[in-house]
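Architecture and fold: a report
Listed below, chain by chain, are the residues.
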Amino acid sequence: MGRENFGSKLGAVLAAAGSAVGLGNVWRFPIETGQNGGAAFIIIYVLCIIILGLPIMISEFLIGRYTHANTAGAFRIVSNGSPWKWVGRMGVFTGWFILCYYVVVGAWTLHYTYLSVTNAFYGVPAQQYENIFGDFVSSSWMPTLWLFLFIGVIHFVITRGVQSGIEKSAKLMMPTLFVITIFLAVCSIMLPGASKGVEFLLKPDWSKVDSTTILEAMGQAFYSLSLAMGCLCTYASYFEKNTPLAKSAVNVALIDTLIAIMAGFIIFPSIFNIGMDPNEAGVGASLTFVSLPNVFQQALGDGSVLAVVFSAMFYFLLFVAALTSAISLHEVATAYVTEEFNMSRKKGATLVTATILVLGTLCSLSFGPLSGVTLFDRNIFEIFDDFSGRILLPLGGMLISIFAGWVLDRRLYHNEISNQGNLKTPYFRMLVFSLRYIAPLAIGLVFLDQLGAFSFLK
Ligand code: PFF
């Protein structure tokens, strides 16, 4: 059977945007922005996207579309057998690795959607939310049950194929995600006292900007755009030959940034409405699963229909965001095993699903029965998270930019990016300059920062 392509340019962009828009947009970006100078941080973040993110995204798109192969195969083709082929294999491995812990959080969003719909937060005292979350993640069968359901949905989409699975689901889920985000943001902004939240998010405060802010903005831009884990390269291998690469990358980055900013409009007005200090609200899981359920109940009326609807829609939004990202990660691994080991799509997908069922369960249980299994004081979930986020991602990003800037044939690059001379590319020299000098240097700094080299600055 021939290799499938996306059926439309819109479907291709929505699928890639689905990969980019994920948990990071909701549980990390808004709080980072608020604490690091509001609009000042957003401006730095956008600059990081333009200078660093777009050149790498365009390069991944280019390598994928040019080779029409899975990420490992793609790098093998463009590297002409040199050791650079390992960059592709590393990308596959990174994506696969991230997926194992990402699905655990995806499962939590399902559980919290269920709790919201059943009005389980009604009458819960503020200090109880931590226990609710703690009891849930440390139990053995509940998180595992949701985990299997979450992985089951991913498997269903992946086995249906590129057009009727990935593309169709992106065309359904991304507009849904957009509508829910706008609805929740508008509701939240109408709360009394909301303006303080908007101010916290948007008022530029340059005094809070220092070198670590910039490193943080770079790291976030990188993670948020799903760079260096094979996703974009794999999806681009299903692009039609005439898909405009730079324009698609700009669209994906725009959607990703817009959703991240709107997530801030959902979160902060309600936090300020109840008089909570946003710096106490936490970040990541504690923000999402401990502070926010309480905030929503208090801001919208404990047990009220509005609180139920708002809360349920919020966790459903997170579920959709996590799902589309997880699908893209699964596809990286599925495309790899089916093409490199000559398997049917169904067999390949089943193999990948089996591995994440096992490793995902281990990650999930690491908050409960397996919490004693640690390495350097980190549990299994945290080991997966640290290793992929702190080491594999920045390393992969740096190698991709060096490869695209220094090794990949310049004429081939220009030919591809201009769609064989049919598109104008006034940005080409700037792009190459960034890939050669700025991106490797900047990502190198992020890498050292992730390893704690600059902790003395903080
Ligand atoms: N970009 C996603 C986010 O912002 O949450 C996270 C992510 C998705 C990371 C896909 C890695 C990945 F391969």
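Before reading on, note that the structure itself is shown above.
Remember, predicted model here, so these are calculated numbers, not experimental data.

Conventions used here
- Residues numbered from 1 in each chain as written.
- Predicted model: local features only at pLDDT ≥ 70, side-chain atom pairs only at ≥ 80, totals over all residues.
- Heavy atoms only, no water.
- Phe/Tyr/Trp six-rings, centres within 6.5 Å; stacked < 30°, edge-to-face > 60°.
- Helix = DSSP H or I, 4+ residues; strand = E, 2+ residues; numbered from the N terminus.
- Buried < 20%, exposed > 50% of the residue type's maximum accessible area, 1.4 Å probe, protein only.
- Contact = heavy atoms within 4.5 Å.
- Salt bridge = Lys/Arg side-chain N within 4 Å of Asp/Glu carboxyl O.
- Near = heavy atom within 4 Å.
- Polar contact = N/O pair within 3.5 Å; in protein donor to acceptor, adjacent residues only side chain to side chain.
- Areas by Shrake-Rupley, 256 points an atom, 1.4 Å probe, with all protein chains shown as cover.
- Nonpolar A, V, L, I, M, F, W, Y, C, P; charged D, E, K, R; others polar.
- Expected span 1.5 Å × (residues − 1).
- Bend = angle between axes of the 7 residues up to and from the residue.
- Axes fitted to C-alpha atoms, helices over the stretch in contact; angles between N-to-C directions.
- Parallel < 35°, antiparallel > 145°, perpendicular 65-115°, else oblique.
- Core = buried A, V, L, I, M, F, W, Y, C linked by side-chain atoms within 4.5 Å.
- Left-handed = near helix turned anticlockwise from the far one by under 90°.

Focus: the packing of aromatic side chains
The description of an aromatic ring pair uses the distance of the two centres, along with the angle that the planes make with each other. Throughout the structure, instances matching the rule amount to 37 aromatic pairs. The interplanar angle of 50 degrees and the centroid separation of 6.3 Å between the aromatic rings of Phe29 and Phe41 together place this pair among those described as tilted. With Phe29 in helix α3 (residues 29-35) and Phe41 in helix α4 (residues 39-67), this residue pair connects regions lying 12 residues apart in the sequence. For the residue pair Phe29 and Phe41, the accessibility class agrees, reading buried in each case.

Observations regarding the side chain of Thr144
Along the polypeptide, Thr144 turns up in helix α8 (residues 141-159). Relative accessible area serves as the criterion here: at 14%, Thr144 is assigned to the buried category. Among residues more than four places away in sequence, those in contact with Thr144 are Thr361, Ser364 and Leu365.

Section: the pattern of salt bridges
This structure, assessed with the given rule, holds 9 salt bridges. Between Lys171 and Glu167 there is a salt bridge; the shortest N-O distance is 3.7 Å. Highlighted residues: Lys171 and Glu167, both in helix α9 (residues 162-189), separated by 4 residues, approximately one helical turn. Classification of Lys171 as partly exposed rests on a relative accessible area of 38%. Put simply, Asp205 and Lys208 hold a salt bridge, and the shortest N to O gap is 3.9 Å.

A closer look at the site of the ligand
Around the ligand, the surrounding shell holds 14 residues, and the nearest of these are Ala20, Leu23, Gly24, Met229 and Leu329. In this structure, Leu23 approaches the ligand through a main-chain N or O atom, which is 3.0 Å from an oxygen atom. The contact in question runs from an oxygen atom of the ligand to an N or O atom on the side chain of Asn25, over 3.2 Å. For the ligand, the protein covers 100% of the area, taking 330 Å² as the surface of the free molecule. For the shell around the ligand, the leading source of residues is helix α2 (residues 23-27), giving 3 residues. In terms of residue class, the shell around the ligand is made up of 7 nonpolar, 7 polar and no charged.

Notes on helix α6 (residues 85-117)
Over its 33 residues, α6 runs 48 Å from end to end, which matches the ideal 48 Å to within 8%, given 1.5 Å per residue. The sharpest bend along α6 comes to roughly 30 degrees, located at Cys100. Of the residues flanking the end of α6, it is Asn119, one or two places downstream, whose phi is positive at about 55 degrees.

Here we look at the packing of α4 against helix α5 (residues 71-78)
In the contact formed by α4 and α5, the axes pass within 9 Å of each other and the chain directions differ by 85 degrees. On the basis of their axis angle, the class for α4 and α5 is roughly perpendicular. Contacts between α4 and α5 involve Ile63, Tyr66 and Thr67 from the former and Ala74, Phe75, Ile77 and Val78 from the latter. A breakdown of the residues in the contact of α4 with α5 according to their chemical character gives 6 nonpolar, 1 polar and no charged.

What to know about unusual backbone geometry
The phi torsion at Asn80 lies on the positive side, around 50 degrees, for a residue other than glycine. Looking at where Asn80 falls in the secondary structure, it is placed in the loop between α5 and α6. Looking at Asn80, the relative accessible area reads 69%, which means it is exposed. In this structure, Ala228 takes a positive phi of about 65 degrees despite not being glycine. Relative to the elements of secondary structure, Ala228 occurs in the loop between α11 (211-224) and α12 (231-236).

Points about the environment of Cys363
Note that Cys363 resides in helix α16 (residues 345-365). Overall, the relative accessible area of 0% leaves Cys363 in the buried class. With 79 residues separating them in the primary sequence, Cys363 and Gly284 have C-alpha atoms 17 Å apart. In this view, Cys363 contacts Cys100, Tyr101, Val104, Ile380, Phe381 and Phe384; residues no more than four positions away in its chain are not counted.

Thoughts on the nonpolar core
One finds Phe6, Phe61, Phe150, Leu292, Phe314, Ile327 and Tyr413 to be the most contacted residues of the largest nonpolar core, which totals 160 residues. Residue contributions to this core peak at 19 residues, all from helix α15 (residues 305-340). Every residue in contact with Ile327, bar those within four places of it in the chain, is listed here: Ile154, Val157, Ile158, Ile166, Ser169, Met173 and Tyr235.

Side note on the packing of helix α10 (residues 194-202) against helix α13 (residues 245-273)
Running from N to C, α10 and α13 cross one another at 135 degrees; their axes reach a closest spacing of 7 Å. Here α10 lies oblique to α13, going by the angle between them. When you trace α10 past α13, the crossing you get is right-handed. Here Ala194, Lys196, Gly197, Val198, Phe200, Leu201 and Leu202 of α10 lie close against α13, whose contacting residues are Ile261, Gly264, Phe265, Phe268, Pro269 and Phe272. Counted by class, the contact of α10 with α13 contains 10 nonpolar, 2 polar and 1 charged residues.

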